[in-house]
Every structure is written in C-alpha cells, then in structure tokens.
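Breakdown of the fold
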Amino acid sequence: MAERSFKKEVEHLRAGTGETFTGEGILAITKALLENGVGYVGGYQGAPISHLMDVLADAEELLGELGVRFEANASEAAAAAMLSASVHYPIRGAVTFKGSVGVNVASDALANLSSSGVTGGAVVIVGEDYGEGSSIMQERSHAFAMKSQFWLMDPRPNLPSIVQSVGQSFELSEASNTPVMLMVRIRSCHVTGSFECHDNQRPALTVKDALSNPQRDWNRVVLPPMSFVHEQDKVNNRWPAAQQHIIDQQLNEFFGPDSGKIGIVCQGGMYNGVIRALQRLGLADIYGDTDFPIYCLNVTYPLVDQEFLTFAKDKKGVLIIEEGQPEFIEQGFSTMLLRSDLSVKLHGKDVFPMAGEYTGQVMLDGISAFVTQYSPDLMPGQMRAPNQPAPELPDLSQTVPIRPPGFCTGCPERPIFAALKLVQQELGEHQISADIGCHLFASLPPFDIGGATMGYGLGPASNAAFDGGGERRAISIIGDGGFWHNGLSSSIGNMVFNKADSVAVVVDNYYSAATGGQDILSSRADNPTKSTNNPITKALSGVGVDWVRHIDHTYDVTKMRAIFHEALTTEYDGPKVIVASSECMLNRQRREKPQRNQMISDGKRVEIPRFGVDEDICTGDHACIRLSGCPSLSVKHLNDPLRDDPVASIDQSCVGCGNCGEVADAAVLCPSFYRADVVHNPGNFESRWARMSGRVIHWLQSRRQLGRLEFLEIAP
C-alpha cells in the first residue's frame, strides 16, 4: 500500500491537445512521458521521486492501452539495466530513482549504457534531493554525468519547463546517441502548476514489436576493442553532436538584455531563487522581467563554449550560481576563459558558500555582494555592504533542543530495539551495524543502537570485519526493503559463504516502508499486478541459512527478547538470522482508518483501543519512555505537593499498540497502564450499562475525594 494513491489524478493523464493540465510536478512528468511516445518506463522508489513510481503504478491501465511497458524494478541497478532496450532498438525508454544514491547503485549499468551508446532516446529521471530537505549524504549526480559522459538536464522549476524538458531530453539523447539524466530537484517534484496538454502518443516501436524482430550490433557490445572505440566516439562524435543540438534547439535560455557590464550564469533549477533575489534587490519585477543579463543552463553538462563566451564577451564580471560542491560548472567556464582572450572576471564560490543549499537568504547575500562590487549604484540603500558583518542571531541551539527523526507512533520496530536493549543490559554491549530504512532511527535516542550504515541492503555486509568470532557476536540490522533490494545476495549470501558466526535481524514490516509503503516480494497484501506473499524465511533457507527464527508479532517484547538471547548465546557456529515481522503501523492506519470511519458513518459498532496511565499508580521512573520512545508518550506534572516527579502521560495520537506498557518494567506489563476501548455506535444494552457504570464510578470518586478532604482538615 503506497503512501499516497493517485487513482483519481491519473485519469487527468488522458487529457489531450487544447486541454489544460493542473497538478504537481510528479504528475506533469508522467504526462510528458506519455506525450513523447515513451515505450517503457521503470525505476525504484526513493524521495523525492517516490511518488512518480506510485503514479506509474496507478496508471498501469493507461500505460497498457498505449502499449507502454512498466516495471517496478528490484533496484536502481535493475532499472538502469532496463534501458539496454534502447541500445539496439529505436525505442524511447525512461527510468527513475533517487538522486546520487540511486546513481551510485546503478553505476555499473549506467557506465555500460553510456559506453555503448543508444539508438533510442534513453532518459534517467533523477530526483535530486541535495540540501536541507535531503535524507542522505550530501552529493551531486553531476560528477557521474561527467565521469561516464551522460548529458545532464536541470530545467527551471515550473511545470511548463519541466514538461518541455522531458521531450528535449529524449531528443537530445537521440541526436547524440547518448543517455540523458533529467534532474528534478526536491521542490520541482512537488511544485504545483498548469500547462497546455498534447495528445498522448503510442510509441512508434513498442517492446512487443521489437520482440518480433530482434536486433543486435556487436559494435555496441562493451568489450575490447570496441570499448576503446566507444570512448573515441563519445569525444569525436557524440559530444559535438550534443553541443550543436543544444545550440540549435536553444535548450539553454537567455533572459534580460543582450549586453551589460555584469551578468549571471545559473543552473536551471536555481533560476527561481535568482529571480526572487533580484526582485528583492529591485532588479526584477514580479513577472521575472529583469534588466540583468542571465544565462540559464537547462543543460548543465555538456557546457557549450560558444554560448558562454558570447555571453561573457564585453562584461567585467560574471557570477556563476552553482549549488553544491565541487564547483564543476565554474571550473569548466574558468577553463574556457583561460583558453580565450577575454579578460572577464569570474565569480562563484568566492561570494557563495562552497557547500550547502542556496536558500533565499544565501542567494540574496551572494548576488548582493556581487552586484555591490561592480555596480553599487544598483543596490538599494538598506542593503549592507559586502564586507559588513551580518547581524548576530541568537544561538537557539542552547535553548531549543534538536529534534532528530524517530519512529512513528505505534511503530512495530520500536519493540525490537527495546528487546535488544534489554538483552544488552544482561549480556553487555555488542557491535551493531545498521542499514538504510526506518530502523536506522534506532541509532538515535532513546535506543542508541547501531552506529554505521554503508548502503541499502548492506547492513550485514558492513559488519563482515567482525564476523570472525570474538567475545560477543556482532549484530546487524536490515529492513525487508533492503533485503530484497540488494541484501539477499550482498549481505546474507556473504554471511553464508564466509560462515559468519554473527546475527542478522531482518525487520519485516510488510512494505518498503521508508520510501512510502510500496509493496515488495514479501508483502502480505494481494497485488493484482505484482507477486507478493513470498516469505523471507524461504529465501533465507534457499541461500543456505540453517538457523532462522521468525516472530510474527514484534510487540511481544518478552518473546523478542528471548529470541535475541538465544541467538547471542547459542553454540551454533554459523549465520543466525531473525525475521521480525509486524505490519508498518503508518500503512496499517492508512488502510484501516478509512474503513473504520466508514463503518462509524454507517452506524456500525466499532471498538478503538486506547491506552492511558493511572496517575496514582505511576511511580514516575519513566522506563516506558526510555525503552519505548513513542511520540504519544510524554510527561505530566501533577498538582500534588507530595509528588515532585512528573508521571507518564499518553496523548490522543496513541494507536493502542501496547508497547509502552510491555517495556515499562523489563518486559512485564506495567500496572500503571490501562487499556480503554472507545466504542462507537454502541447497542442499547451497552449504552445503559455505560450510564449506570458511570454513575457508580462517579459516586465512588466523590466518596474518595471527600475522604481526602476530611484527612486534610484533621491533619496537623
């Protein structure tokens, strides 16, 4: 069950010429693929591009009508390899995945694809999430484009430009026989707007048609001596063809006057920020019209000497606005200037920070510093001089605590790490590695479990150095998404082959939960277009893991703790794998809440469990919080002069999983916790019983309160 359904929105993908499409960037990209005759699409989910895979999955019926093949690939590498269909056949293909990490996973396939070249347009849509909104290490895909000679599109972040760039990417790929990366930044993926539609196009050659007439060309096989020829072909033919196509089709854009004392060169994705900064400086109006020369690079690789040198001619200074590091574009233009006879001064990372996201303030400060240096008369009087220090801001880190990411309310992974923490209290601290996925939050408080992550599906592999035996066994964590992505072969297979005497925990929450809840091989749901219900335990047995323990209800902390203890103390010498299964609570709530609300609306009887804390019993030791960390748990100060310590408290976000009570006292249900079942649409008998019980309870409470008052009156 994906994080969001696009069933209603995908109907708008049928819009034709003359109609206006309104929606967010992800839907616009899908519509553009269909309008440009794509023959096959695939990919692997990952922010900020996850929803594109969800849209494609929801649009499978429409894709089938057009003869478009869609595949939810097992990994980014599998997706990139899928583009080999465009090597020998003139079929347009597109795949999508998360930015630099997806490119890293797919690097082998992408490098071979770029070497052989393509005959059909091949586009990799990369969800680039560099900056403050990212969930990964800070890297750029630009470096890979340069290394393997991919062309890199970076369109302006508005729907008409993004839609246009999809068609331009296919055309650039076909004109130069080279794959193209279309980079859509995190805000581009979710920007909302409208554009004028065109009719969807059935691919000129479908994959089914190609199967009826197989083609091959040994010159495109990446083997010596042809691999050496491929390199020469890139430099002597494909690169010049790409540059000429960029010039002829005016893929890069020029704004403002043709001449000026200074000018700005920016990545297409930075254009909105540039215009906003110029607006704040009074150098552009609300429509983006400006008297400032701007060279907007919708194609950031390859750079075009002819365009840049023409733009830079007769200028005193040019500012390169390139987010991220290293400054590849600035270095490229510097080389062009050194080889020319132009004396223009180039600026970039001297006025902008080398690393980090170019927020509105960063953009404003950098551009104002550049303009002040060359044309101070253009600057408004209230702007500070470039050498003037910025006003001091209060250091909020001393008063406002950091808010690290954490597990959702009721997450079934939380009791796994509570149990592991309890076991470590008994057996001592262990070497623990983590993986990519929700379980990585366990490395943060209150669990502080796991200290390294090397890649998706590589959790157990990253512990390989500790698999040789020692005083305590190494423990590694891997999610079910990572298990099927890469972990079965690279991690579990590695453990089996090397006879590792360590423990691996496969956290099975039924979905690729961290990327949005997409189905995977071991999902329990019935998926009409995908194969699910393939147990992880069978896969483990198939690759030779003999010691396997499976728990199908992770909220049973006592049982979870016992399995950990067994795995860490058994005399069995070999790989030990624990499969800990419970459905992702976030996805469960997405599925059950609409059903429950509908039943309530229909007048049917519905019970909803809730937990609470009896303030008179709670001792205030907060073990439940230390071992659970549930967001619905907090503390509450009592209006009682005899009790200084705050007690535990549960808010209305509680989903009734019961984990907090389970871990409160070393995995024995804490007596201060109680469960209350909220009954909607009760029957007549239940209603009468509830009213009668309420009266009795109220009478007893009144007597108790009266007794307390009498005690206070007679107390000295």
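The structure displayed is predicted, hence computed values, not measured ones.

1. Considering unusual backbone geometry
Apart from glycine, the bulk of residues carry a negative phi angle, and the bulk of peptide bonds sit in the trans form. Between P224 and the following residue, P225, the backbone shows a cis peptide bond with an omega angle of 5°. Inspection of the secondary structure puts P225 in the loop between α11 (207–211) and α12 (226–248). Cis geometry marks the peptide bond from Y301 to P302, where omega comes out at 5°. As for its placement among the helices and strands, P302 is situated in the loop between β12 (299–301) and α14 (305–312). Positive phi, normally seen in glycine, also occurs at D448, with a value near 55°. Locating D448 in the fold gives a position in the loop between β15 (432–433) and β16 (475–479).

2. A look at the environment of G18
Along the chain, G18 falls in the segment before β1 (20–24). Sequence-wise, G18 and C438 are 420 residues apart; in three dimensions their C-alpha atoms are separated by 45 Å. Ignoring any residue separated from it by four or fewer positions in sequence, one finds G18 in contact with E196 and C197.

3. Some points on the sheet that holds β16
The pairing of strands in a sheet comes from backbone hydrogen bonds and takes either a parallel or an antiparallel form. Taken in spatial order, the five strands line up as β15-β16-β17-β19-β18 in an open sheet, and their pairing is parallel. The sheet is open, and its two edges are formed by β15 and β18 (547–551), each paired on a single side. Pairing of β18 with strand β19 (residues 576–581), which is carried by five bridges, proceeds in the parallel orientation. Across the sheet, the residue bridging to H550 is V579, located in β19.

4. Some points on helix α15 (residues 328–339)
Here α15 spans 17 Å end to end across twelve residues, near enough to the 16 Å set by a 1.5 Å rise per residue. All of the buried residues in α15 are F328, I329, E330, F333, M336 and L337.

5. Considerations on the packing of aromatic side chains
Per the counting criterion, the structure on display carries 19 aromatic pairs. For the ring pair Y44 and Y456, a centre distance of 6.0 Å and an interplane angle of 65° mean the geometry is edge-to-face. Of the two residues, Y44 is situated in the loop between β2 (40–43) and α2 (50–58) and Y456 in the loop between β15 and β16; the sequence distance between them amounts to 412 residues. Y44 sits in the buried class, given a relative accessible area of 5%. A residue is classified by how much of its surface remains accessible, and Y456, at 17% relative accessible area, is buried. The interplanar angle of 35° and the centroid separation of 4.8 Å between the aromatic rings of F255 and Y271 together place this pair among those described as tilted. You can see F255 sitting in strand β9 (residues 253–255) and its partner Y271 sitting in helix α13 (residues 271–280), a full 16 residues away along the chain.

6. Quick look at the sheet that holds strand β11 (residues 294–297)
Taken together, the five strands give an open sheet; going across it, the order is β9-β11-β10-β13-β14, and neighbouring strands pair in mixed fashion. Looking at which strands have only one partner, the edges of the open sheet turn out to be β9 and β14 (345–347). Sheet twist, expressed as the mean angle between neighbouring strand axes with direction ignored, is 20°. As paired strands, strand β10 (residues 262–267) and strand β13 (residues 317–321) are joined by five bridges and run parallel to one another. Across the sheet, the residue bridging to G263 is V318, located in β13. Contacts from helix α16 (residues 360–374) reach β10, β13 and β14, with the element oriented near 170° to β13.

7. Description of the environment of S462
Positionally, S462 belongs in the loop between β15 and β16. The sequence separation of S462 and D54 amounts to 408 residues, and the corresponding C-alpha distance is 31 Å. Among residues more than four places away in sequence, those in contact with S462 are S433, A434 and M454.

8. Examining the pattern of salt bridges
Under the criterion given, the structure shown has 23 salt bridges. The salt bridge involving E322 is made with R140; its shortest N-O contact spans 3.2 Å. Residue E322 is found in the loop between β13 and α15, and its partner R140 is found in the loop between β5 (122–128) and α8 (142–148); the two are separated by 182 residues along the sequence. Judged by its relative accessible area of 1%, E322 falls in the buried class.

Conventions and cut-offs
- Residues numbered from 1 in each chain as written.
- Predicted model: local features only at pLDDT ≥ 70, side-chain atom pairs only at ≥ 80, totals over all residues.
- Heavy atoms only, no water.
- Helix = DSSP H or I, 4+ residues; strand = E, 2+ residues; numbered from the N terminus.
- Contact = heavy atoms within 4.5 Å.
- Pairing = 2+ DSSP bridges.
- Expected span 1.5 Å × (residues − 1).
- Buried < 20%, exposed > 50% of the residue type's maximum accessible area, 1.4 Å probe, protein only.
- Phe/Tyr/Trp six-rings, centres within 6.5 Å; stacked < 30°, edge-to-face > 60°.
- Axes fitted to C-alpha atoms, helices over the stretch in contact; angles between N-to-C directions.
- Salt bridge = Lys/Arg side-chain N within 4 Å of Asp/Glu carboxyl O.

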